[in-house]
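Here's the letter readout for the chains.
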Amino acid sequence: MNILIASDSFKGSLNTLEVADNIKIGIKRVFSEAKFKIIPIADGGEGTMLVMHKLFGGDLITIPVMGPNQDKVMASYLMTEQFALIEMAQASGLHLMGGKLDILNATTYGTGELIRDAVLRGSKKIIIGIGGSATNDGGVGMATALGIKFLKSDNKPIEIGASEIHSIASIDTSEMIAELKNTDITIMCDVNNPLYGEHGATYCYGKQKGGDESVLTFLENSLKHLSCVCTTMYPDHSQCSGSGAAGGLGFGLMTFLGGKQKSGIDVLLDLSNFNELLSWSDIVFTGEGKIDFQSANGKVISGIANRARKQSKPVIAIVGSIGEGVEKIFDIGITSIESCTAYPCNISEAISNAAHNIQNATERSMRHIKLGIEISSKI
C-alpha cells in the first residue's frame, strides 16, 4: 500500500511534519509494510518559509529591516535556485508589535526590504506569503522600500505608515529598482477580501490590529484615496480578490509589482509535484486542527481533496475536532474524517495529548480499511 501524507499543522500543538509522523505511526500499527511519502504543508501563513526550506533546500538569509513599528528587526527569507520565498510576517507581522498595536503607523516597509534584497541577489521569481500582518498601509511601505515615491501636493514624500496615505497627490516611479521589471511575483493568499468596503482590509481586520471606530473610518477613506490615485497610472485592482489581504499589501503587490495571486496551498502543491505523488499513491492522508464548513473554501484540506478527486484517490482527514457544516467536506472529495478527540476533554488536554490521539485516530481509520479489504476478499 502506497500512502501519501500531506497534513496541515495543528496550531498550538504540532507542526505539519510532526502531524505526518504520528499519522505514519498509526498506519504502521495496522499495515507495517506500507510505503510512505510525506509532503510538509503550508499555505502562505506562518511557517511557510521553514516548510519550503524542508522541501526545496536553499539558504535562509537573515537581514536587518524595518519592523512594523518602525524599529529594526532581523528578518529571514528563503533563497533557492528556482525562487525566493518571503513571509511578510517575518518583517511586518502582528507578533512583532510586542502587544503595542499601532495600526496608523505600522508599515510594510520591511517586507519591501526583503523583496529588494532577494531581487538584488539575482532572484527572478519571488513568492510572498502575506498572512499575519500588523499593517493597513495598502502596500505603500513595501513599495517605498523599492524606490517608489508617494508625494504630497508640496512634492514632499509622505510619512512611513498609514497616517498620511490620504495626502498622496502623485506617485513617482522613476527610482524604482530596475530589476523588478523582470521579476515574477506570486502572492500566496487564501482570502478574497477587496481593498476597501464592508469586507475590505480595514473593516475585516483593522480592529484586531488596534483600530477603533474613528481610526477605521479614517483608514478606509485613506485606502479609497490610494486606489483613486493609483488608477491614474495602474489598472484598478481595488476590488480584486485578495487585494485587501494583509492590510492591502495584496493590492500593493498587484498594483506596483504586477503580482499575481494564487491559492497558497496550490502554490506549494505545484512546486512539490503533488499530482505525480498522487498518481503513485493508493490513499492520501491529510488533516488540520479543526474541520468545519470553512475548510471547503480554499484551505489546505480543500486544495488536497480537489486534486485527489480528479485522480479518484480516497482521502482520509485526521482532525483535532469536527465543527459545523462538515458535510460540505465530503462534497469536495474527502472520503472519511476521523476526530482525534475520542473522549470528553478540554482544549488544553487535547493539545497536550495530540500526538498520541493522532496515532490512535489513524489506527482506527486503518482498521476500518483492513476490515473492508478482508470482507472484499471473501465476497
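Read on for a plain summary of the structure. (Residues numbered from 1 in each chain as written. Predicted model: local features only at pLDDT ≥ 70, side-chain atom pairs only at ≥ 80, totals over all residues. Heavy atoms only, no water.)

Re the overall build of the chain
Here comes step 1: Broken down by element type, the chain carries 14 helices and 13 strands.
Here comes step 2: Compactness check: the chain gives a C-alpha radius of gyration of 22 Å against a globular reference of 21 Å for 379 residues, within 12% of the reference.
Here comes step 3: Its C-alpha atoms give the chain principal-axis dimensions of roughly 85 × 45 × 35 Å.
Here comes step 4: For the chain, the proportion of its 379 residues judged to be buried stands at 53%.
Here comes step 5: For the chain, the accessible area works out to roughly 16,500 Å², and carbon and sulfur atoms hold 50% of it.
Here comes step 6: The positive charge centre, built from 33 side chains, and the negative charge centre, built from 40, are 5 Å apart in the chain. (Helix = DSSP H or I, 4+ residues; strand = E, 2+ residues; numbered from the N terminus. Rg over C-alpha atoms; globule rule 2.2 N^0.38 Å. Buried < 20%, exposed > 50% of the residue type's maximum accessible area, 1.4 Å probe, protein only. Areas by Shrake-Rupley, 256 points an atom, 1.4 Å probe, with all protein chains shown as cover. Lys, Arg positive; Asp, Glu negative; His and termini not counted. Charge placed at Lys NZ, Arg CZ, Asp CG, Glu CD.)

Some words on the sheet that holds strand β6 (residues 125–129)
Here comes step 1: One open sheet holds the 6 strands; their spatial order is β3-β4-β5-β6-β9-β10, and the pairing between them is mixed. Two strands lie at the open edges of the sheet, namely β3 (59–66) and β10 (260–262), each paired on one side alone. Adjacent strand axes in the sheet meet at a mean angle of 30 degrees, parallel and antiparallel pairs treated alike.
Here comes step 2: Bridging between strand β4 (residues 72–79) and strand β5 (residues 84–87) involves 2 bridges; their strand directions are antiparallel. Looking at the pairing, Met79 lines up with Ala84 of β5.
Here comes step 3: Each of β3, β4, β5 and β9 (184–188) is contacted by helix α2 (residues 48–56), which is oriented at about 155 degrees to β5, the strand it contacts most.
Here comes step 4: The strands that helix α8 (residues 249–257) touches are β6, β9 and β10; relative to β9, the one it contacts most, it runs at about 165 degrees. (Pairing = 2+ DSSP bridges. Axes fitted to C-alpha atoms, helices over the stretch in contact; angles between N-to-C directions. Contact = heavy atoms within 4.5 Å.)

Looking at the sheet that holds strand β12 (residues 315–322)
Here comes step 1: Taken together, 5 strands build an open sheet; the order of strands is β2-β1-β11-β12-β13 and the sheet is parallel. The open sheet has two edge strands, β2 (35–38) and β13 (336–339), and neither has a second partner. Each strand of the sheet is rotated relative to its neighbour by a mean of 25 degrees, with strand direction disregarded.
Here comes step 2: As paired elements, strand β11 (residues 283–291) and β12 share 7 bridges and run parallel to each other. When the bridges of β12 are listed, Gly287 appears paired with Ile318.

A short note on the environment of Thr286
Here comes step 1: Turning to its location among the elements, Thr286 is positioned in strand β11.
Here comes step 2: Taking relative accessible area as the criterion, Thr286 reaches 0% and is therefore assigned buried.
Here comes step 3: A C-alpha to C-alpha distance of 8.4 Å links Thr286 and Val319, two positions 33 residues apart in sequence.
Here comes step 4: Polar contacts involving the side chain of Thr286 include one to the main-chain carbonyl oxygen of Ala6, which spans 2.8 Å. (Polar contact = N/O pair within 3.5 Å; in protein donor to acceptor, adjacent residues only side chain to side chain.)

Topic: the environment of Ile3
Here comes step 1: One can find Ile3 in strand β1 (residues 2–5).
Here comes step 2: In this structure Ile3 comes out as buried when scored by relative accessible area, which is 0%.
Here comes step 3: For the pair Ile3 and Ala34, spaced 31 residues apart in the sequence, the C-alpha separation amounts to 7.0 Å.
Here comes step 4: Ile3 has contacts with Ile27, Ala34, Lys35, Phe36, Lys37, Trp280, Ile283, Phe285 and Met366, leaving out every residue within four places of it along the chain.

A closer look at the packing of helix α7 (residues 213–230) against α8
Here comes step 1: Following both chains from N to C, one finds α7 and α8 inclined at 10 degrees, their axes separated by 12 Å at the closest point. With respect to their mutual orientation, α7 and α8 come out roughly parallel. Where α7 abuts α8, its residues Leu226, Ser227 and Cys230 lie against Phe251, Thr255 and Phe256.
Here comes step 2: Here the residues of the contact of α7 with α8 are counted per class, giving 4 nonpolar, 2 polar and no charged. (Parallel < 35°, antiparallel > 145°, perpendicular 65-115°, else oblique. Nonpolar A, V, L, I, M, F, W, Y, C, P; charged D, E, K, R; others polar.)

Considering the side chain of Thr80
Here comes step 1: Residue placement: Thr80 occurs in the loop between β4 and β5.
Here comes step 2: In this structure, Thr80 is in contact with Phe56, Gly57 and Gly58, ignoring residues within four places of it in sequence.

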